[in-house]
Amino acid sequence: MRFLVYRYNPETDKYPHMQEYNVDGFDKGAMLLDALLRIKAEEDETLSFRHSCGEGVCGSDAMNINGRNGLSCITLLDALKEPVQIRPVPGLPVIRDLVVDMGKFYHQYRAVKPWLTVHDPEPETEYLQTPEQRDQLDGLYECILCGACSTSCPSFWWNPDKFRGPAALLQAWRFLADSRDQATAERLEDLEGAYRLFRCHSIMNCVDVCPKGLNPTKAIGNIKKMMLKHLV
Amino acid sequence: MNIERRKFDTLVIGAGGGGLRAALQMAQAEAKVAVVSKVFPTRSHTVAAQGGMNAALANVLPDNWHWHMYDTVKGSDYLGDQDAIEYMCRAASHLVVELEHAGVPFSRLDNGKIYQRAFGGQSQDFGGDQAARTCAAADRTGHAILHTLYQQNIRSKTHFFDEYFSIDLVKDDEGYILGAVVLNIETGEPLLIEAKTTLIATGGVGQLFRTNTNARINTGDGIAMTLRAGIPVQDMEFFQFHPTGIAGKGMLITEGVRGEGGYLINKDGERFMERYAPHAKDLASRDVVSRAIAIEVREGRGCGPEGDHVLLKLEHLGSDVIKKRLPGIRDMAMTFAHIDPIKEPIPVFPTAHYTMGGIPTNRYGQVVMPTEQSAEETIPGLYAVGECACVSVHGANRLGGNSLLDIVVFGRAAGNHIIDYLKENRTHRPMNESSVKAALARLERWDKKDEGENIDVLRQELQRVMEDYCSVFRTEEILADGVKKVKALIARLDNARLRDHSKVFNTARIEAFELENLMVLGLATVESALARKESRGAHSRIDYPDRDDKHWMKHSLYFEDGRVEYKPVRTKPLSVDSFPPKPRVY
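Residues numbered from 1 in each chain as written. Chains lettered and ligands numbered in written order. Predicted model: local features only at pLDDT ≥ 70, side-chain atom pairs only at ≥ 80, totals over all residues. Heavy atoms only, no water.

## A few points about the overall build of chain B
And step 1. Each helix and strand counted, chain B has 16 helices and 22 strands in total.
And step 2. Here chain B has a C-alpha radius of gyration of 23 Å; the compact-globule value for 586 residues is 25 Å, and the two agree.
And step 3. Dimensions of chain B along its principal axes, counting C-alpha atoms only, are 65 × 50 × 50 Å.
And step 4. Residue burial in chain B is summarised as follows: out of 586 residues, 69% are buried.
And step 5. At a minimum sequence separation of 6, the contacts of chain B that also span at least 24 residues come to 75%.
And step 6. Within the structure as shown, chain B displays about 19,200 Å² of accessible surface, and the carbon and sulfur contribution to it stands at 49%.
And step 7. A gap of 2 Å separates the mean positions of the 72 positive and 78 negative side-chain charges of chain B. (Helix = DSSP H or I, 4+ residues; strand = E, 2+ residues; numbered from the N terminus. Rg over C-alpha atoms; globule rule 2.2 N^0.38 Å. Buried < 20%, exposed > 50% of the residue type's maximum accessible area, 1.4 Å probe, protein only. Contact = heavy atoms within 4.5 Å. Areas by Shrake-Rupley, 256 points an atom, 1.4 Å probe, with all protein chains shown as cover. Lys, Arg positive; Asp, Glu negative; His and termini not counted. Charge placed at Lys NZ, Arg CZ, Asp CG, Glu CD.)

Listed below in structure tokens is the structure:
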């Protein structure tokens, strides 16, 4: 198989370039990560990329694969058109090769205060939550912070310092939707203004690329609706 | 010495559940906490834990902590330390509630309480009917707990050093641990973190084996660092093979599948666990189920064209239960086995999963070792929790659902102990520059630019040797060969060279350090296995098929120089009567 991989090492390269690798003999069902690991082990030790669990749970290996963000460990080689073009996820500074600086992404995540906030004294037992209330968190808490969504979002590309981005807003809604949380007003006020929430223009790239099948656009819509209700 | 330095009250190495639970305890007590992790915290392997966390909440069936303790002692094949096990089982319910209050999105029962499912090795009333003790957030419990702990840590302003790799501990001549030399992966520059206490929470060493359920980061870095610091490692011969990894690939399929009512069948469609464990059947302990599968396959009753696996059947649970309670494993089976478990059974085979052994500690997380003064002398300033540690609550075989519990209980206990230690040790001790220099020498070793062996080739050979010579069934002959083979690989490691000598985000260099750690721990594992001439828990010797309590009810301690010593099991619990060893029947 033919691969074209984005290469940039700040110690030696003035500009990035695409490097070609040819690797064959993969088992049926092999993933893109298997190919990258083979390239690194057998062809070129200098190729750098993040990876860990190899099963789509840790969120380390988001990259841009033939123009679309995804996780290399759950992207089947068979499904990819050759030459397979692999680039770092767009919109964030490249540290080296496929490794990007996710600082801004994490900053936006922290900025939505993604933790359960309860003002009442704690009971001795668990907070009660009906199965229906708990169902509201499905499709939200499963986010693995891979960044595939935010880095495919044009609004985030333009304003990564001001727009929270789909991943962080999904988490904002995860806590707004939690029957146990008591910081609704603060959370909504924090998201007011032209940028933090309202830079979302429902382009829905986030929904299209999410490797866990989550729907940040819907979560953002829910926040907007709640905000409206909260204001009137 | 020209190296950047930072000072904190306390250093935590590793940002999985154990490290983050400890860090949270200390940050909330207003200690200055640094957490160093080679990956961003939510990428730590706790994230992959599926089934849940044990606590006798009795939300579904009657339960109490004492039954949980009995099951854990029995599960450990009587190698677990009963003081630590009592402590853990007593603390469990409170700590699950604490996690729930912190935000963990546990699944719920109709009455609004935390959902609990049945898991292997669990019983009511000391060996009676099946219990339902495992608190679950669908089949993503580890993910839910890890993310929540990270969130609470950022709320508490814990200082994170993300993507820093720990090279070695720094210690002084009196044996105090003074912090660690770490490597900033992004810049490639070393950093000295000085701390009054250092807590190791770096997880297990599943990457020793070719087929494993573990992430690539699970290379036992903290265990190997401890060994290099002159401290022995305990019970390394006990490595858990999880009965249900996806055949040929290794991805974990949670025991929760069997807890929800799934079961194993061989090529004749027989529910074979009924023969091996008439009472508990598919929910016997993991070592028992793994051996049963291995025997079925060996005796020609395996499934598939090669007859090399068995099938895990769950279609009968119905699509609602599978989608609601087991959505993650359905995804996993569809992605990696290309089957939908709503329609077809999943091909499975035992897969390397969990390191029962590790850094010897007491129930406060303090690292202990034998000295002339005492059999369990504490190492001042050094703590360890979680899979890298050996308290030992898991003994020779860990029960499913007890590892998430272990990390939370002992993470918190170590955090509390460190807070007390800091009150009495208010200042940093003087730095020992020669120890810093020794750590930096590990970096320089990889600067050699001549030709040499490829690191990845050596890693793959090690994994194959461990799988062939130190697997589910073991004999003297095979293990002795294994020792020779691992030693030969270690000799070859001296001639390994990096081709990439750049600094910025050089992952090849990190893999070289990881391989050094894997090698020493591979040797520790086979040497300890060769030395133990009995079968107990996960350590199954064909040439010594029985448990031998008279000679072998003791923990092994492997030293870096190859010596293996032993120390007694702590059979006396804190407040209840001891559970004496009995034949282990499920």
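After that view, the rundown keeps rolling.
## Some words on the overall build of chain A
And step 1. In terms of regular secondary structure, chain A is built from eight helices and seven strands.
And step 2. Each of the three principal axes of chain A carries a C-alpha extent, and together these read 60 × 35 × 30 Å.
And step 3. For chain A, with 232 residues in total, the buried portion stands at 56%.
And step 4. Intrachain contacts of chain A at a sequence separation of at least 6 include 63% that bridge at least 24 residues.
And step 5. A total accessible area of about 10,100 Å² is found for chain A, and carbon and sulfur atoms account for 51% of it.

## Structural notes on the side chain of B:Arg117
All names here are of chain B.
And step 1. With respect to the secondary-structure elements, Arg117 resides in strand β4 (residues 116-117).
And step 2. At 3.1 Å, the side chain of Arg117 forms a polar contact with the backbone oxygen of Ala138.
And step 3. A polar contact is formed between the side chain of Arg117 and the backbone oxygen of Arg325, at a distance of 3.1 Å.
And step 4. The residues touching Arg117, leaving out its near neighbours within four places in the chain, are Gly51, Gln122, Ala132, Arg133, Thr134, Ala136, Ala138, Gly256, Glu260, Arg325 and Leu326. (Polar contact = N/O pair within 3.5 Å; in protein donor to acceptor, adjacent residues only side chain to side chain.)

## Structural notes on the packing of aromatic side chains
All names here are of chain B.
And step 1. This model, assessed by the stated rule, comprises 16 aromatic pairs over all chains.
And step 2. Relative to Phe579, the ring of Phe126 has its centre 6.1 Å away and its plane inclined at 45°; by these criteria the two rings are tilted. Of the two residues, Phe126 sits in the loop between β4 and β5 (134-135) while Phe579 sits in the segment after β22 (564-568), which places them 453 residues apart along the sequence.
And step 3. Look at Phe209 and Phe239: their rings are 4.8 Å apart centre to centre, the planes differ by 50°, and that puts the pair in the tilted class. With a gap of 30 residues between them, Phe209 in the loop between β9 (190-200) and α5 (221-228) and Phe239 in strand β11 (residues 239-246) connect regions that are remote in the sequence.
And step 4. On the basis of relative accessible area, Phe209 is assigned to the buried category, the value being 0%.
And step 5. Between Lys32 and the ring centre of Phe8, over which it is positioned, the NZ or CZ distance is 5.1 Å.
And step 6. The residue whose ring lies beneath Lys74 is Tyr586, and the NZ or CZ to ring-centre distance is 4.2 Å. (Phe/Tyr/Trp six-rings, centres within 6.5 Å; stacked < 30°, edge-to-face > 60°. Lys NZ or Arg CZ within 6 Å of the ring centre and 35° of its normal.)

## Overview of the pairing of strand β8 (residues 177-184) of chain B
Residue and element names in this part refer to chain B.
And step 1. Burial runs high along β8: eight of the eight residues are buried.
And step 2. Bridge count between strand β7 (residues 164-171) and β8: seven bridges; the pairing is antiparallel. Each bridged residue has a counterpart across the sheet, and for Ser166 the counterpart in β8 is Val182.
And step 3. Taking the residues that link successive antiparallel strands as the turn, the β7-β8 hairpin has five residues, and the phi of Gly175 there is positive, at about 95°.
And step 4. Relative to β9, β8 is paired through five bridges, and the arrangement is antiparallel. Bridging from a neighbouring strand, Gly179 pairs with Glu194 of β9.
And step 5. Where β8 folds back onto β9 in an antiparallel hairpin, the turn is made up of five residues, including Gly188, whose phi is positive at roughly 80°. (Pairing = 2+ DSSP bridges.)

## Some points on the interface of chain A and chain B
And step 1. Chain A puts 62 residues into the contact, and the matching count from chain B is 59 residues.
And step 2. A combined buried area of about 4,900 Å² lies between chain A and chain B, and 53% of that area is made up of carbon and sulfur atoms.
And step 3. A per-residue breakdown of the area chain A buries against chain B is headed by A:Glu45, A:Glu55 and A:Glu126, which together make up 14% of the total.
And step 4. Our count for the chain A to chain B interface comes out at six salt bridges.
And step 5. Linking chain A to chain B there are 36 residue pairs in polar contact (both at pLDDT 80 or more). (Buried area = accessible area lost by both parts, 1.4 Å probe. Salt bridge = Lys/Arg side-chain N within 4 Å of Asp/Glu carboxyl O.)

## Quick look at helix α8 (residues 216-231) of chain A
Since one α-helical turn is 3.6 residues long, residues separated by three or four positions face the same way.
And step 1. With 16 residues, α8(A) extends 23 Å from end C-alpha to end C-alpha; this agrees with the ideal 22 Å at 1.5 Å per step.
And step 2. At the N-terminal end of α8(A), a side-chain oxygen is found 3.3 Å from the backbone nitrogen of A:Thr217, two or three residues along, and the residue is A:Asn215. (Expected span 1.5 Å × (residues − 1).)

## Observations regarding the pattern of salt bridges
Residue and element names in this part refer to chain B.
And step 1. Under the definition given, this model contains 67 salt bridges over all chains.
And step 2. A salt bridge links Arg570 to Asp83; the nearest nitrogen and oxygen atoms lie 2.8 Å apart. In this pair, Arg570 is assigned in the segment after β22 and Asp83 in helix α3 (residues 82-102), connecting sequence segments 487 residues apart.
And step 3. Of the charged contacts, one joins Glu534 and Arg536 as a salt bridge, the two residues approaching to 2.7 Å between their closest N and O atoms.

## Brief notes about the sheet that holds strand β3 (residues 53-54) of chain B
And step 1. Reading across the sheet, the three strands line up as β3-β5-β4 (chain B) and stay open at both edges, with antiparallel pairing between neighbours. In the strand order of this sheet, the two ends are held by β3 and β4 of chain B, each with one partner.

## Concerning unusual backbone geometry
And step 1. For the bond from A:Glu82 to A:Pro83, the omega torsion is -10°, close enough to zero to count as cis.
And step 2. In this fold, A:Pro83 is placed in the loop between β4 (68-71) and β5 (84-87).
And step 3. A cis amide bond links B:Val391 with the next residue in sequence, B:Ser392, at an omega value of 5°.
And step 4. Mapping B:Ser392 onto the fold places it in the loop between β18 (389-390) and α11 (402-424).
And step 5. Residues other than glycine seldom take positive phi values, yet B:Ala58 does so here, at roughly 60°.
And step 6. Checked against the element boundaries, B:Ala58 lands in the loop between β3 and α2 (65-75).
And step 7. Residue class for B:Ala58 comes out partly exposed when judged on its relative accessible area of 34%.
And step 8. Positive phi is not limited to glycine here, since B:Lys157 has a value of about 60°.
And step 9. The topology assignment puts B:Lys157 in the loop between α4 (141-155) and β6 (159-162).

## Quick notes on the sheet that holds β4(A)
Residue and element names in this part refer to chain A.
And step 1. Pairing is mixed in the open sheet, where five strands are placed in the order β2-β1-β5-β3-β4. Looking along the sheet, the strands with just one partner apiece sit at the ends: β2 (17-22) and β4. Strand-to-strand twist of the sheet, defined as the mean angle between neighbouring strand axes without regard to direction, takes the value 35°.
And step 2. Pairing of strand β1 (residues 2-7) with β5, which is carried by three bridges, proceeds in the parallel orientation. Its bridge partner being in β5, Leu4 is matched across the sheet by Gln85. (Axes fitted to C-alpha atoms, helices over the stretch in contact; angles between N-to-C directions.)

Shape is all these values report; function is a separate question.
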